[in-house]
Amino acid sequence: MQTARIAAVATASPPERFTQGEVLAVFGYDDPQRRGFFEHSDIDGRYMYVERERARADESIDALNARFRAGALELGEAAIRGALDRAGWAPADLDFLATTTCTGRLTPSLDAHLVARLGCRPDIQRVHVGDTGCASGMVAMQQAWNHLQAFPSHRALVMAVEICSTTYFLDDRLESAVAHAIFADGAAAIALDTEPGAPRIVTHRTLFRSEHLDAMGFDYPGGRHRIVLSKDVRRIGPRMFGEMAGILMATQGLKRADIRYWVLHSAGRRVLDRAGQLLDLTEEQVAHSRNVLRSFGNMSSATILFVLEETLRTESPVAGDWGLMIGLGPGFAAEGALLAW
């Protein structure tokens, strides 16, 4: 049986791009430590779904929810239409749609809204993956991969969208300031089928380290999102990148030297630095993850698909090449896929 082929990847960003200095001004941090989170983030700018003149740190819950809804639907639809165009598909060609976000909620769910906006067939199968954080793009992709294993003649699409700017919470915690310095808004979509071609997703794997359950996530004081982000993530994340890489390579008897492409979640500068050291990667091998971080920031679940899109757009793989795609998220969890050309 043919495994899933990546037919196309597309991304979508809000129209407004903010420099780190502009975001810093919105929050009004004036102490050296918090300013340093912005100045040493290796991020040049981030896109946010908010009009520049209306950017503020004290939006009401209703305003945040309305902005999430508008942004998630607009960017999500744009990313999906981009992936469909690149794949040469129409919305009616889709048999399965997986959507994901962790920065807001809709009922009817995000997938239902997008089925209506896109004009998909009324019998399309769907799933929405919520509350799995930065790893949820990979979790949703795994659901599409599983679906194609069961229905190999189907066409599937995965869309991840995050409006992280609606989760900013102004308080005196350092982890809030770190979140304000790195997280951003964006959407990405990936089209999958089992037609001939490459790259193919050979296998998926999941790894939980539940002893770190409380290291990352959200809490909801007063009904508002507020990030939980332990400084231990800088240690846990790189180690789990390494563990997942070993698990994926073992499925095909591969060694680190066999892996040409490393599609790693752009979690942050220090996580990428330590992952590169732990995995003995060259700067070229982590360049796409760094480029996405520098140009877009961390868009939670959509980020790894941005890294994949840049990798596929700028590289020239040949038959026999291997790649690893690894996301990290609350739980603490690593989600990985082995890619083959």
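Residues numbered from 1 in each chain as written. Predicted model: local features only at pLDDT ≥ 70, side-chain atom pairs only at ≥ 80, totals over all residues. Heavy atoms only, no water.

Enquirer: Even after reading the chapter, I still don't get the pairing of strand S13 (residues 333-340), so can you show me in this structure?
Expert: Along any regular strand, the residues point their side chains to alternate faces of the sheet. Most of S13 sits inside the fold, with eight of its eight residues counted as buried. Pairing geometry for strand S8 (residues 200-208) and S13, over eight bridges, is antiparallel. Bridge pairing in S13 links Thr203 to Leu338. The hairpin formed by strand S12 (residues 322-329) and S13 contains three residues between the paired strands, and Gly331 there has a positive phi angle of roughly 145°. (Buried < 20%, exposed > 50% of the residue type's maximum accessible area, 1.4 Å probe, protein only. Helix = DSSP H or I, 4+ residues; strand = E, 2+ residues; numbered from the N terminus. Pairing = 2+ DSSP bridges.)

Enquirer: What is the right way to look at the environment of Glu335 in this model?
Expert: Of note, Glu335 is situated in strand S13. The sequence separation of Glu335 and Gly137 amounts to 198 residues, and the corresponding C-alpha distance is 9.2 Å. Once residues within four sequence positions are removed from consideration, Glu335 is found in contact with Ala135, Met138, Val139, Gln142, Arg205, Thr206, Met244, Met325, Ile326 and Gly327. There is a polar contact of 2.5 Å between the side chain of Glu335 and the side chain of Thr206. (Contact = heavy atoms within 4.5 Å. Polar contact = N/O pair within 3.5 Å; in protein donor to acceptor, adjacent residues only side chain to side chain.)

Enquirer: Looking at this structure, how should I read helix H2 (residues 32-39)?
Expert: Spacing of three or four residues puts side chains on the same side of an α-helix, whose turn is 3.6 residues. Buried within H2 are the following residues: Arg34, Gly36 and Phe38. Each element contacted by the buried residues of H2 is listed here: helix H1 (20-27), strand S3 (45-47) and helix H6 (174-182).

Enquirer: How should unusual backbone geometry be read in this particular structure?
Expert: Most peptide bonds are trans, and most residues other than glycine sit at a negative phi. A cis amide bond, omega 0°, links Ala198 with the succeeding residue Pro199. With respect to the element layout, Pro199 can be found in the loop between strand S7 (185-193) and S8. With an omega of -15°, the peptide bond running from Gly331 to Phe332 counts as cis. Relative to the helices and strands, Phe332 resides in the loop between S12 and S13. Non-glycine residue Asp42 carries a positive phi angle of around 65°. With respect to the helices and strands, Asp42 occurs in the loop between H2 and S3. Residues other than glycine seldom take positive phi values, yet Ser300 does so here, at roughly 55°. Position of Ser300 among the secondary structure elements: in the loop between helix H9 (283-296) and helix H10 (303-314).

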